[in-house]
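Structure at a glance
The residues making up each chain are set out below.
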Amino acid sequence: MSGLSRLLAAFLLWMTAWAASAHEGSTSYLAIDARAGSADLAGRFEVALIDLAWTLPLDVDADGSLSWNEILARRAVISGVLVDGLSLARGGKPCALSIGEPWLTDRLGLPYLSVDIAADCESPGSMAIASSLLFEADDTHRVLVSVKMPMAAHTATLAPISRTWSEPAVASAWRTA
């Protein structure tokens, strides 16, 4: 292989790697705070608007663009999808999930719908999180989870093949908080 061919091959490989790293996959972000000392949980759930738009008809007037008024008009449907697609449990019992008012955030240059979440839990036992949100529509979707506990912090990735996370019985020896 000549020097020019090697240089061209290296350039093409670099361009392929750059294009792959520039793409943000279908990702949602869930942050849970369990440090309050009660059974209840609080947090924030962020979902890319493009992902919601693939699942729900958000562009009500079908003009090809999404306005804040269209999002607000569909907020009850959006909240329903989020509640149906996410479940939190403590002590083996499901928590009642409520969704706050939506607002927009920016992640990696993309607009995300962000909502506060509150979970009313009966018992303060170990926590479990499960998601089915967007997994049926997109097999590349991931939910990046961050959980802050009184003595530790946990991270997890939920995916179509691993849709649940359970709090470990024993805290890791690695410092995570």
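Let us look at the structure shown here.

Definitions and limits used
Residues numbered from 1 in each chain as written. Predicted model: local features only at pLDDT ≥ 70, side-chain atom pairs only at ≥ 80, totals over all residues. Heavy atoms only, no water. Helix = DSSP H or I, 4+ residues; strand = E, 2+ residues; numbered from the N terminus. Buried < 20%, exposed > 50% of the residue type's maximum accessible area, 1.4 Å probe, protein only. Contact = heavy atoms within 4.5 Å. Areas by Shrake-Rupley, 256 points an atom, 1.4 Å probe, with all protein chains shown as cover. Core = buried A, V, L, I, M, F, W, Y, C linked by side-chain atoms within 4.5 Å. Disulfide = S-S within 2.5 Å. Phe/Tyr/Trp six-rings, centres within 6.5 Å; stacked < 30°, edge-to-face > 60°. Lys NZ or Arg CZ within 6 Å of the ring centre and 35° of its normal. Salt bridge = Lys/Arg side-chain N within 4 Å of Asp/Glu carboxyl O. Pairing = 2+ DSSP bridges. Axes fitted to C-alpha atoms, helices over the stretch in contact; angles between N-to-C directions.

The next thing to look at is the overall build of the chain. Check the secondary structure of the chain and you find 4 helices and 10 strands. Listing the helices and strands of the chain from first to last along the sequence gives α-β-β-α-α-α-β-β-β-β-β-β-β-β. Here the chain, with 177 residues, has 33% of them falling under the buried criterion. For the chain, contacts bridging at least 24 residues in sequence account for 61% of all contacts bridging at least 6. For the chain, the computed accessible surface area is about 10,500 Å², with 60% contributed by carbon and sulfur atoms.

Across soluble globular proteins, you tend to see nonpolar side chains buried next to one another. Core analysis: the largest hydrophobic core is formed by 37 residues, its most contacted members being Leu30, Ile32, Phe45, Leu88, Ile117, Met127 and Ile129. No other element matches strand E6 (residues 110–120), which puts 4 residues into this core. Setting aside chain neighbours within four positions, we find Ile117 in contact with Leu30, Ile32, Leu41, Ala42, Gly43, Arg44, Phe45, Leu86, Leu88, Leu97, Ser98 and Ile99.

Turning to unusual backbone geometry, a few remarks are in order. At Ala62, a position not held by glycine, the phi torsion is positive, near 55 degrees. With respect to the secondary-structure elements, Ala62 resides in the loop between helix H2 (49–55) and helix H3 (68–73). Positive phi is not limited to glycine here, since Leu108 has a value of about 55 degrees. Considering the arrangement of structural elements, one finds Leu108 in the loop between strand E5 (96–107) and E6.

Right, let's talk about the state of the cysteines for a bit. A complete count under the given rule lists 1 disulfide for this structure. At a sulfur-sulfur separation of 2.1 Å, the disulfide partner of Cys95 is Cys121. Taking the sign of the torsion about the S-S bond as the criterion, the disulfide between Cys95 and Cys121, at about 105 degrees, is right-handed. Linking Cys95 in the loop between strand E4 (93–94) and E5 with Cys121 in the loop between E6 and strand E7 (127–131), this pair joins segments that are 26 residues apart in sequence. The pair Cys95 / Cys121 is uniform in exposure class, with both members buried.

All right, on to the packing of aromatic side chains then. This model, assessed by the stated rule, comprises 1 aromatic pair. The aromatic ring of Tyr29 is capped on one face by Arg107, whose charged end is 3.7 Å from the ring centroid.

So, on to the pattern of salt bridges. Scanning the entire structure with this criterion turns up 4 salt bridges. When the shortest N-O distance is used, the salt bridge between Arg107 and Glu46 registers 2.5 Å. Here Glu46 lies in strand E2 (residues 41–48) and Arg107 lies in strand E5, a separation of 61 residues in the sequence. Residue Glu122 is joined to Lys93 by a salt bridge in which the shortest nitrogen-to-oxygen separation is 3.9 Å. You can see Glu122 sitting in the loop between E6 and E7 and its partner Lys93 sitting in strand E4, a full 29 residues away along the chain.

Moving on, we get to the sheet that holds E2. Pairing between the strands of a sheet is mediated by backbone hydrogen bonds and can be parallel or antiparallel. Across the sheet, which stays open at both edges, the 6 strands sit in the order E5-E6-E2-E1-E8-E9 with mixed pairing between neighbours. Each of the sheet's edge strands pairs with one partner strand only, and the pair in question is E5 and strand E9 (153–158). Adjacent strand axes in the sheet meet at a mean angle of 15 degrees when their direction is disregarded. Examined bridge by bridge, E2 and E6 share 8 bridges and lie antiparallel to one another. Opposite Phe45, over in E6, you have Val115 as the bridge partner. This element, helix H4 (residues 75–85), spans E2, E5 and E6 of the sheet and lies at about 110 degrees to E5.

So, to be careful, I would describe these as geometric facts and stop short of saying anything about function.
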